[in-house]
Every structure is written in structure tokens, then in C-alpha cells.
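Understanding the architecture of this molecule
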Amino acid sequence: MIGSQALRRLANQIALLVAIVLAATALTFAITEVLPGDAAIAILGDTATPDQVESLRKELGLERPIVVRYADWLAHAARGDLGRSYRTRESIGVMIGQRLPVTAELILITQLMALAMAMPAGVLAAYRARSAVDHALGALSIALLSTPGFVIGIGLIYWLSVSAGLFPASGYSRLSEGLGANLRSMFLPALTLALAEFPVYMRILRADMIATLQQDFILVARAKGLAVKDILIRHALRPSSLSLATVVGINLGRLVGGAVIVESLFALPGIGQMMVNAVYQRDNFVIQGVVLVVAVGFVVINLAVDMMYAVLDPRVRHGFGR
Amino acid sequence: MAIGFGESCRSVIAAATLAALAAFATTAHAQQPRNGGSLSISIESDLPTLDPTGFASFNDREAGIILYDTLLDIDSKGKIIPHLAEKLEAAPDATWFKITLHSGVKFHDGTPLDATAVVAHFKRMMDPKNHCRCIADLTPIGSVEATGPLEVTFKMKTPSAPFPAALADVAGMIESPTAVEKYNNDISTHPVGTGPFIFKEWQRGAQIVFERNPNYWGKVPYLDQVVLRPMPDEQARYASLQAGNLDVIMNAAARDVIDAKQNKKFTVIDPGSLATVFIQINTSMPDVSDVRVRQAMAYALDRVTLNKVINKGLYPIANTVFGTGLSPHELVDGYPNYDPAKAKKLLADYGKPVKVKLAVNAAPLAVLSGQAIQQMWQKVGIETQIDQYEQVQLIRAAASRDYQVMLYRWAGGADPDKNVYQFFHSKGVVNRTAYNNPEMDKLLDDARSTTDTEARLELYHKINNILARDLPYILLNYFTNYALAAPSVHGIVGVPDGLIRLPAVWKDQ
């Protein structure tokens, strides 16, 4: 019974995945089409004659109607061929393959950093709700939330890199250059993103935790005389993490957006930076490729988060609660 | 107390010793360039290719001169000098040119550089299939022939006095014919030139690494390695230089140049300029088609204040379209300077209300410039609206003359012709101002038809005067590609194209 339910959910999710990917790529195709100027102009620059632009446009296939180009792209993408960049003639699949690990690492480290800060802070704020500590954490959250990422980034560069000399101000060291160097080059960009995620995670955990702490099973635990630490971490944290897990999952997709800014700022060779360049160059198939990968990633992660609920809270597994 | 004294005393001595050592080291270095080291240079974005047929931007050309040599080069004054070609002969009427190559030069793959390689190069660059941005420089070529083992003769379709400047640019970057055949479409990631450095590795979006060419035909470089690092963010570039993660910033922002000049921590390299910043006017559009309106717009602009506000006064005010690296630089008999009363009078003569749409790049600094210009124009009664465009959009609007007035910049070429002919000749391929003046056409054609520098200078002098009167452009300032270097870097010589010639550069270790 449960098996068939899970299968149906999986089938629904896959249908949703296809729908979202179609909608996202079609929309991006349309949006990039609306931008005046195209790859031919971007490649040939400002001294090209109209004839030269026209001939390159033909060669790139840009003169065909948008629907035809989209259908053509989709047919190739369905077979795993994302095409070649107008600008560099490189295979887009290969380009994404080179860049995606950098962005994935950035996002992973960001999430770990944000959670490492938010979980103790959230638990503390809930346990000491309305105390001075709680208010201080609340004020810090508001301050961080209302500061744009690039400001935080530049601030961190000047503070931790230019003044303190602790981390490189920019650039990327590959894993092959050593884990230490790699993590050092990732630290500031990840911290920049994590400082924006931290307040959200902390506030969500705090709210859920306060609700959990008022439930009967906590009362029972207290009555049994368990230590505060055990009650908070063993009994209250897990059932309070459902919303947090959802938001962390959704944010994986949102962080790709943050990566666009942070990768440009710190000169990291991820898909965010690649996307920015592609937009400037009207390299439409590259934009499409990145959007496709991000859309698929987003849906798959949401699916994974859904399945994690059951692990986190047995009540979901047994059909109680939410 | 005593301990404190002792400590501070010790540190004073230590500091003094260090300072003395440092001073000694600096003087010693100043005399003796050192071999070795890796130099990292920031560029604004990753390169599209390492194949010269795809080179366009400033960044591309820097990679180009690292990997490839140009046939001719320009010196710190902007004068054309020999390079891979040790000799250049020209017909007095500029209908043919003959170059003689250095003997014994080899590409990085061992292929000898000879006349055949050069001819193959030009055939490739001129092939319309390759869409070289350099094509405009090459269209005047009628034929290219090897007239000796090391001698190449170019016959031109029309007189082409500016042609040598093309050989000092992308069109003159020679690639190995063996490599072209071997790698074919993948040549963009397997570049082989004769240049001072050899391609080693390209980590997309992060860095391009070049290593010293030990068999370089010229002076073998001091540096072991050069790394070009794409860094899109201006502030991050300067912070990286400050943090010691970067040795050189190319094309530094005005704000950072000013800061570096004030705190004296970095070497500021002022290479002079070929480029100008200006307001270009589509003379086929209403109101601005009348020369009185254009003159009023020029007189209404307080260019000195504008330059102070926008560029902190860093760039010189321009009265000609020729930067310091070009001989007709500032060779003009007057230019409309700030005079609001005159502007109002010209507008009164014109008699109708003037409405202007000013197209600007959406970058913050360009928008700020636009707003300052808007205020100045509105003060004399020119109603001004600002339209923001992203760069490709701006180029498209300019190319299709789909604008009225536009804030624009032209990087400039190493010959005066490249800053005027294509823009102001009635048959110019990128005449964006719809400017059409038979007198101008004749001057431009004449300047192409003689290699006599004095005669050409006189012609460009006249051209400058006409431009100052007719104002298809309202000139604002020259644009200098400043570079900033860490104090450990020595030997950078400014050349007006702003590119850094690396063989003479060395680094303390």
C-alpha cells in the first residue's frame, strides 16, 4: 500500500520535473529573445558592417523563427546534446561539467556554514526566548538580512583578506592544489552567502523549536528529569527541523542565484559566472544549458527533501501530523 | 617598565635593520633585473578564444601579444616600429607594402616563421568564414605574396597609408601554420605562436597560464610564468592587489588609480592613450541635424567639471579624436568650450524647443555621466531624457543608427585613420553619425593616399578643425588604459595601446 503510494508520488514528481523544466527553458528562451541585439553583434563588435552581421547570423542559425530554434534545441537537449557556445564553439555540456563542481562545492560549504551557525543560535534563541540573547540574535538577523550580498562580500574581503591576510581576496584553487588551498579559496565566498542564509535558518528553527518545546512529549521528558541539553538536542531538535529542511532544500536552488553575484565578485569559475558572461554575450544556448541544469537540480532536490521528512519525523511516515 | 623599554628598543633596531636591508635590496634590484617568478595580471572577463581570428577586446589582445608576436609594434610614443618584421617598405602612394621578416625565428612547435607562414596567416584571417574582427583592417588588401623566403609583399586595392598600424594589431599576430592544420577547429585552445611565452593551461573562468619561451627570438623574458586572471569585479581586483594575490591590474578604474596615486603603495603606469570618450550625434535626427543645436550642446557642457566629477580629473580633456599616442593629438585651432550664454544664443537662433534623447550604457559610471550631461543641457533649455542600454544593445542601436544622441567610447587604433575614416567618411562602413561632407571625404581619402607623415599631419589638422566646427561628436576626454602594479614588479613600459609588453618585466622574489 505504502509502496504504491510512494511510486505514484514519484511519478507525479517526474511529471512535475518535466513540466518545470519545459516551462523554465521556454521562458528563458523567450526572455533572451526579447533582449535587443544578438550573438552575432556580440561576436563581431561595433565595427562590423550589416552584411557581416547578417552572414554570421545565418551561419549561427539565428534568422530562423524562435519556435523552430527552441524545438531544435529541445530535441537535441533531450538526447543529452546541449549544443555549442556561439562565442567559444565549446561543447556546452563540457563547459557545465567543468564549472558545476565549483558552484556545487560553494553551495554545499555555504549550507554547512549557515547551518553550523544557525542551529546552535536557533536552539539557544528558542530556549531563551525573549531574553537579551534572543533579542540580540534577532537584531543581528535583521542587520544581515538587510545588507546586500556584495556589500557583505566586499566587507569580508577588506577585513579578512586585505587587513588580516587570512584568506585570498579572490581566485580559486583546485582540489588538485590541495584541500587546504581549495577550502581557503572557498571560505570567503561561502561565508558571504552563508551570512545571508544564517538569519533565515535561525529564525525558522527558533519558531519551530518554541512550538515543539510546548508539546506534551517534551513535558514528559522534563518530568523524567532529563538534562536540558538532552531534551533540546535529542528530543526537540529533530521534530523542529522539518521547516528548516524544506527551506534548506529550496535554498539550494536559490543559492545558485547568489552564486551569480559571489562568483563574479570572488572570480570563481562556477556556473554563475559563466551565466553572467553568457547573458552579456547573448550566448543563448549557454544560458539555456545552465537554466536546464539548475531547473533539474531544483526539482530533484525538492523531491529529496520531501523524502527526508519521513526520516526526520516518524509522524510523517505513519500518516500523523502534517 | 624596563622590559617594555627593552622590547621597544629591540623592535626599533630590528625595524631600522629591516629598512636598511629593504633599501639595499631595492637599489640592488633597481640595477639588476632578476630571472624567475610568476606574474599574475587581472583581465576583465575570460577570453572567448586564443585564436587571433576571434580576438577583439583589450584582454584578447594582451593574451595575443603574450603568445604571438605582431609583425610590427608601437613604441611608448605610439610610433610604429619593427618587430617580427625587421623591415617595412612602403610605396609613396601607399599602394603596396613590403615586409622582411627576422631570420631564424621559430614558432613554439618548431615550425620556422617564413614568408609562406605569413601568407597562410593572411589568407586565413581574410577568409570570410572565420569572421575575424580584424577584417576591416584587411579589406584593402588586393593580394599577399611571398616575394622571397622572408619577404612578403602586399598589393593594396586602394591607397592604404594606415595599413602598417593593422600589422601592429590583431591582424599582425601570426599563428603556426602547422598548428592550424593539426588542430583545425580546436586551435582556439591549442594556440601556437612565436611570442615570448608559451601556452600552458587554460582553466576556464579562473586562469590562463603561460610559460617562458626559452628560445624566444628577441630578449628572452625574465619571468618564468605569466597568469591572466579573469576578474569581473573592479573592487575585487583592487582588493586582490592590496592583499597581494595579484601583481598587475590592467585597465584600472579611475577611482583605484586615484587611490593608488595618493597612497603611493603601487606603481601607476600611464601609457598615454589612443582612445576618446565622446557624445556621438546622429545628424539625421530631428533638432540635432542642425549644426547650431549641436554647437549649443557643446557650449553648454562644462567638460572640466564633468571630468572632475566623473573621472576625478584623471583623464585629459579632449579637443581632437586622437589620443596622446597619435600624431594629430590636440592639433586643432580651437574647440567649443563651456559658454552657456553662447549656447542659449544659438538655441534662440534655432528658434524651436530642442528635445534630446541621450543613450548611455547602463553601467553606473556611464549613467552618472549621462545625468551630469543632462543637468548641464537642461540648464540652457535643452530638454534631455536618458535612455539606458546594456552594451550589446548600445552597439546595436549605434550600428543601426537607432538613436539620437549617445555617450560612447572608441578604443582607437595605432594610426589616426582608424579613429576617423570609418566614422566620418560618407561611405564609411560604420558611419554612425550620418555625417556627410564632401570636403571631409576628400581629406580622409587624401590622408590614405600618401605615406608622407608631414602631409598626412596637415590633412588631419584640417580634419580636426572641421570636426570642431560640425560636431558629429562632442568630445569629452581622452581615455587612458592605466595599469597598476605591485611594488615588487619592475620594467613595465607604458605603450599608448595600454597593453603590457612582458619580456622586459621582472619581479622581486
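1. Notes on the overall build of chain A
- For chain A, the helix and strand inventory stands at 14 helices and 0 strands.
- The dimensions of chain A, computed from C-alpha atoms along their principal axes, are 85 × 60 × 35 Å.
- The proportion of buried residues among the 322 residues of chain A is 39%.
- In chain A, of all internal contacts separated by at least 6 residues, the share reaching a separation of at least 24 is 71%.

2. Quick look at the confidence of the model for chain B
All names here are of chain B.
- Averaged over every residue, the pLDDT of chain B is 91; residues scoring 70 or more account for 94%.
- Looking across chain B, the model is least confident in helix 1 (residues 2-31), with a mean pLDDT of 45, and most confident in strand 7 (residues 151-156), with 98.
- Complex prediction metrics read pTM 0.88 and ipTM 0.85.

3. Remarks on unusual backbone geometry
- Backbone geometry at Asp-287 of chain B places phi at a positive 65°, although glycine is not the residue there.
- In this structure Asp-287 of chain B comes out as partly exposed when scored by C-beta crowding, with 19 C-beta atoms within 10 Å.

4. Here we look at the interface of chain B and chain A
- Contact with chain B, which involves 36 residues of that partner, is made by 38 residues of chain A.
- At the level of secondary structure, the elements contributing two or more residues to the side of chain B that touches chain A comprise strand 10 (225-230), helix 7 (234-243) and helix 13 (391-399) of chain B.
- For the side of chain B that touches chain A, the leading source of residues is helix 13 of chain B, giving 7 residues.
- Among the residues making up the side of chain B that touches chain A, the classes are represented as 16 nonpolar, 14 polar and 6 charged.

5. A closer look at the sheet that holds strand 7 of chain B
All names here are of chain B.
- In spatial order, the strands read 4-5-7-6; together these 4 strands make up an open sheet with antiparallel pairing. This sheet does not close on itself; its edge strands, each paired only once, are strand 4 (85-90) and strand 6 (141-148). Pairs of neighbouring strands in the sheet enclose a mean axial angle of 20°, with direction left out of account.
- Sheet topology places strand 6 next to strand 7; 6 bridges connect them, and they run antiparallel. Bridged to Val-144 within strand 7 is Phe-154.
- Sheet strands touched by helix 3 (residues 115-126): strand 5 (96-101), strand 6 and strand 7. Its angle to strand 6, the strand with the most contacts, is close to 165°.

6. Section: the packing of helix 5 (residues 92-127) of chain A against helix 8 (residues 179-213) of chain A
Residues and elements named next belong to chain A.
- At a minimum axis distance of 6 Å, the contact between helix 5 and helix 8 shows a crossing angle of 35°. Considering only the axes of helix 5 and helix 8, their crossing is right-handed.
- Partitioned by chemical class, the residues of the contact of helix 5 with helix 8 number 25 nonpolar, 2 polar and 3 charged.

7. Brief notes about helix 8 (residues 254-263) of chain B
All names here are of chain B.
- All of the buried residues along helix 8 are Asp-256, Val-257 and Ala-260. For helix 8, the angular spread of buried residues about the axis comes to 105°, placing them on one side.
- Elements that come into contact with the buried residues of helix 8 comprise helix 7, strand 12 (267-269) and strand 18 (483-485).
- One or two steps after helix 8, the chain reaches Lys-264, where phi turns positive at roughly 55°.

8. Some thoughts on the pairing of strand 8 (residues 197-203) of chain B
All names here are of chain B.
- Here strand 8 pairs with strand 9 (residues 207-212) via 6 bridges, running antiparallel. Within strand 9, the residue paired with Gln-203 across the bridge is Gln-207.
- Joining the antiparallel neighbours strand 8 and strand 9 is a turn of 3 residues, in which Gly-205 adopts a positive phi near 80°.

9. Thoughts on the environment of Pro-162 of chain B
- By the element assignment, Pro-162 of chain B lies in the loop between strand 7 and helix 5 (163-167).
- For the pair formed by Pro-162 of chain B and Phe-278 of chain B, sequence separation is 116 residues and the distance between their alpha carbons is 23 Å.

10. A look at the sheet that holds strand 13 (residues 275-281) of chain B
Residue and element names in this part refer to chain B.
- Ordered in space as 15-14-16-13-17, the 5 strands form an open sheet in which the pairing is mixed. Edge strands, defined here as strands with exactly one partner in the open sheet, are strand 15 (382-389) and strand 17 (473-479). Put simply, the sheet's adjacent strands are angled 25° from each other on average, direction ignored.
- Note: strand 14 (residues 354-361) against strand 15, 8 bridges, orientation parallel. Among the inter-strand pairings, Val-354 is bridged to a residue of strand 15, identified as Ile-382.
- Across the sheet, helix 13 touches strand 14, strand 15 and strand 16 (405-410), and the angle it forms with strand 14 is around 135°.

11. Topic: the nonpolar core
- Judged by nonpolar contacts, the single largest core of 233 residues is most densely connected at Tyr-201 of chain A together with Ala-300, Ala-483 and Leu-484 of chain B.
- Element by element, the count of residues in this core is highest for helix 8 of chain A, at 14 residues.
- Sequence-distant contacts of Ala-483 of chain B, defined by excluding residues within four places in its chain, comprise Val-248, Ile-249, Met-250, Ala-252, Ile-269, Ile-492 and Ile-500 of chain B.

12. Focus: the environment of Val-430 of chain B
- Within the secondary structure layout, Val-430 of chain B lies in the loop between helix 14 (417-424) and helix 15 (438-448).
- Apart from residues lying up to four places away in sequence, Val-430 of chain B is in contact with Thr-47 of chain A together with Ala-399, Gln-422 and Phe-423 of chain B.

Cut-offs used in this document
- Residues numbered from 1 in each chain as written.
- Chains lettered and ligands numbered in written order.
- Predicted model: local features only at pLDDT ≥ 70, side-chain atom pairs only at ≥ 80, totals over all residues.
- Helix = DSSP H or I, 4+ residues; strand = E, 2+ residues; numbered from the N terminus.
- Buried ≥ 20, exposed ≤ 12 C-beta atoms within 10 Å, placed from the backbone.
- Contact = placed C-beta atoms within 7 Å.
- pLDDT = per-residue confidence, 0-100.
- Nonpolar A, V, L, I, M, F, W, Y, C, P; charged D, E, K, R; others polar.
- Pairing = 2+ DSSP bridges.
- Axes fitted to C-alpha atoms, helices over the stretch in contact; angles between N-to-C directions.
- Left-handed = near helix turned anticlockwise from the far one by under 90°.
- Arc of directions from axis to C-beta.
- Core = buried A, V, L, I, M, F, W, Y, C linked by C-beta atoms within 7 Å.

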